[in-house]
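Commentary on secondary and tertiary structure
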Amino acid sequence: MFFETGTLVFLSLAVLVWRLPRKTMLWLFGHPAWLEIPFGFIAYVLHYGTFSGMMAAATAAILCFAFTQFGRFLVGYTHNGVYTPGLVELKS
């Protein structure tokens, strides 16, 4: 049950990143703390109060970390204005 609920919470982040402009997405992949920490904090605050809610938030935070690392590997990231391509190079 924790995994399913955490996955649903995580999907909100996946949809948000999918809807972002490409430059913003690459910047967030280059600065993963700006994506992972606020998302994890909000998930914990929203699910505070029950053990199952906290486990769902922890699952969502772990999936967020994995998503960020996979995104960096797949499409790359920008850091200090320099684009580092991933497996799939994005063209503008």
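The present account deals with the structure reproduced in this document. All residue numbers refer to position in the chain's written sequence, counted from 1. Totals for whole chains, interfaces and linings use all residues, but because this is a predicted model, local features are given only for residues with pLDDT of at least 70 and pairs of side-chain atoms are given and counted only at 80 or more. To get the side-chain values, take all heavy atoms of the structure and skip hydrogens and water.

Quick look at the packing of aromatic side chains now. The rule is short: rings of Phe, Tyr and Trp, with Trp giving its six-membered ring, pair when the centres are within 6.5 Å, and they are stacked under 30 degrees, edge-to-face over 60, tilted in between. One pass over the structure, following the stated rule, counts 3 aromatic pairs. Ring geometry for F29 and F67: centres 6.1 Å apart, planes at 65°, overall edge-to-face. Of this pair, F29 sits in helix α2 (residues 22–30) while F67 is found in helix α4 (residues 51–75), placing the two residues 38 residues apart along the sequence. The buried label goes to any residue with under 20% of its type's maximum accessible area, the exposed label to any with over 50%, and the partly exposed label to all in between, with areas taken from a 1.4 Å probe on protein chains only. What makes F29 buried here is its relative accessible area of 2%. For the ring pair F70 and F73, a centre distance of 6.5 Å and an interplane angle of 40° mean the geometry is tilted. With a gap of 3 residues between them, F70 and F73 both fall in helix α4, about one helical turn apart. According to the relative accessible area criterion, F70 is partly exposed, its value standing at 48%. Ring-pair connections join several aromatic residues into one group, and the members of that group are F10, F29 and F67. The helix count covers DSSP runs of H or I at least four residues long, the strand count covers runs of E at least two residues long, and both are numbered beginning at the N terminus.

Attention shifts here to the environment of W27. Along the polypeptide, W27 turns up in helix α2. Taking the C-alpha atoms as reference, W27 lies 13 Å from Q69; in sequence the two are 42 residues apart. Pairs of residues are marked as contacts when any of their non-hydrogen atoms sit within 4.5 Å. In this view, W27 contacts W34 and T78; residues no more than four positions away in its chain are not counted.

So, about the nonpolar core. Here, the term nonpolar core denotes a set of buried Ala, Val, Leu, Ile, Met, Phe, Trp, Tyr and Cys residues that are joined through side-chain atoms within 4.5 Å. Core analysis: the largest hydrophobic core is formed by 16 residues, its most contacted members being L13, V17, M25, F29, L35 and F39. If you list the elements that add at least two residues to this core, you get α1 (2–19), α2, α3 (33–46) and α4. In terms of residues, this core owes the most to one element, α1, which gives 5 residues. When residues no more than four places from it in sequence are discounted, the contact partners of M25 are V17, V75 and L90.

Our focus in this paragraph is the packing of α2 against α4. Geometrically, a packed helix pair is captured by the angle between its two axes and the distance between the axes. Between α2 and α4, the least distance of the axes is 9 Å, while the angle of their chain directions is 115°. Seen along the crossing, α2 lies across α4 with a hand that is left-handed. Each of M25, L26, F29 and G30 in α2 lies in contact with α4, whose residues at this interface are F67, T68, G71, R72 and V75. Nonpolar residues are Ala, Val, Leu, Ile, Met, Phe, Trp, Tyr, Cys and Pro. Charged residues are Asp, Glu, Lys and Arg, and all others, Gly as well, are polar. Split by residue class, the contact of α2 with α4 holds 5 nonpolar, 3 polar and 1 charged. Fitted lines through C-alpha atoms serve as axes, helices being fitted only where they are in contact, and the angles separating the N-to-C directions of these axes extend from 0 to 180 degrees. By convention, the crossing between two helices is left-handed when the near helix turns anticlockwise from the far helix through less than a right angle, and right-handed when the turn is clockwise.

The subject of this paragraph is the pairing of strand β2 (residues 82–85). As defined by bridge partners, strand β1 (residues 76–79) adjoins β2 across 4 bridges and the pair is classed as antiparallel. By the bridge assignment for β2, T78 is matched with Y83. Between β1 and the antiparallel strand that follows it, β2, lie 2 residues; N80 among them carries a positive phi value of about 55°. What makes two strands pair is DSSP finding at least two bridges between them.

Keep in mind these values describe shape, not function.
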